Amino acid sequence: MAYWLFKTEPDVFSIDDLRTRKNKTEHWDGVRNYQARNFMRDEIKLGDLVLIYHSNARPPGIAGVAEVIKEAYPDHTQFDKKSKYFDPKSTKDKPRWFMVDIRFKEKFKSYISLDELKNFPQLKEMLILRKGNRLSITPVDKKHFEFIKKHGNLSKSSI
DNA sequence: GCCAACGTTGGC
DNA sequence: GCCAACGTTGGC
């Protein structure tokens, strides 16, 4: 089993949106970056766990955990002319973009802001903390995932 | 809103 | 295949 971090803008789609979706499930469409696409298509497996990161938020940070419940399949929005994710160069025979489905697992009792993440020496190797990292999907080390999950489930008053 | 740090596109 | 121009991301 592997661990990942997915970025999302909470104004567009937040962890609460995921939690309140039917079956607490959503397909992760709209990824239009080849490196992120390759992670989804080739490496993200059923049962993998995903940190949900709120970007362009105040403050940005990690909000909780989701689980992969369906492996890569073609992202339908690439064929939809009305979608902002429409890709005229993609064909149904050879789809260019893929998505996975995830299900809400938990929302952290204490949201972990980017500032806090930066202050943990244990996390300094995390890809998300590297300068200029814009990848919307990144692999996460097991030790980092477990540290974050543990921290996220401390109650606010104990921090 | 600014802008650094990317990633992509397209002319050559 | 190079690289300038352009577009996007995302923290601040």
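Residues numbered from 1 in each chain as written. Chains lettered and ligands numbered in written order. Predicted model: local features only at pLDDT ≥ 70, side-chain atom pairs only at ≥ 80, totals over all residues. Heavy atoms only, no water.

Is there a simple way to think about the protein's contact with DNA strand B in this case?
Neighbouring residues of DNA strand B: N33, Y34, K89, K131, G132 and R134. Sugar plus phosphate: this is where 62% of the atoms of DNA strand B within 4 Å of the protein reside. One of the side-chain nitrogen or oxygen atoms of K131 is found 2.6 Å away from a phosphate oxygen of DNA strand B. The separation between a phosphate oxygen of DNA strand B and a polar main-chain atom of G132 is 3.4 Å. Considering only residue class, the surface near DNA strand B consists of 1 nonpolar, 2 polar and 3 charged. (Near = heavy atom within 4 Å. Polar contact = N/O pair within 3.5 Å; in protein donor to acceptor, adjacent residues only side chain to side chain. Nonpolar A, V, L, I, M, F, W, Y, C, P; charged D, E, K, R; others polar.)

Sorry, what's going on with the sheet that holds strand β1 (residues 3-8) here?
Adjacent strands of a sheet form backbone hydrogen bonds with each other and so pair up, either parallel or antiparallel. Pairing in this open sheet of 6 strands is mixed, and the strands run β2-β5-β4-β3-β1-β6 from one edge to the other. Every other strand in the sheet has two partners, leaving β2 (25-27) and β6 (137-140) as the edge strands with one partner each. This sheet shows a mean twist of 35 degrees between the axes of neighbouring strands, independent of strand direction. When β2 meets strand β5 (residues 98-113), the two strands line up antiparallel, connected through 3 bridges. Bridge pairing links T25 to R103 in β5. (Pairing = 2+ DSSP bridges. Helix = DSSP H or I, 4+ residues; strand = E, 2+ residues; numbered from the N terminus. Axes fitted to C-alpha atoms, helices over the stretch in contact; angles between N-to-C directions.)

Could you clarify how one ought to interpret the environment of S55 in this entry?
Following the sequence through the fold, S55 ends up in the loop between β3 (49-54) and β4 (61-74). C-alpha separation for the pair S55 and K7, spaced 48 residues apart in sequence, amounts to 6.1 Å. What S55 contacts, discounting residues up to four positions off in sequence, is K7, T8, E9 and P10. (Contact = heavy atoms within 4.5 Å.)

Looking at this model, I keep getting lost on the side chain of D101. Mind explaining?
Structurally, the position occupied by D101 is in strand β5. Buried within the structure, D101 lacks any salt-bridge partner; its nearest side chain of opposite charge belongs to K70, at an N-O separation of 5.0 Å. Here Y73 takes part through its side chain, which lies 2.6 Å from a polar atom of the side chain of D101. Residues contacting D101, with those up to four places away along its chain left out, are E26, H27, E67, V68, I69, K70 and Y73. (Buried < 20%, exposed > 50% of the residue type's maximum accessible area, 1.4 Å probe, protein only. Lys, Arg positive; Asp, Glu negative; His and termini not counted. Salt bridge = Lys/Arg side-chain N within 4 Å of Asp/Glu carboxyl O.)

Please explain the protein's contact with DNA strand C as it appears in this structure.
In the neighbourhood of DNA strand C, the contacting residues comprise K7, Y53, S55, N56, P60, L114, K118 and R134. N56 places a main-chain nitrogen or oxygen 3.0 Å from a phosphate oxygen of DNA strand C. At a separation of 2.8 Å, a phosphate oxygen of DNA strand C approaches a polar side-chain atom of K118. Considering only residue class, the surface near DNA strand C consists of 3 nonpolar, 2 polar and 3 charged.

Geometric values such as these leave the question of function open.
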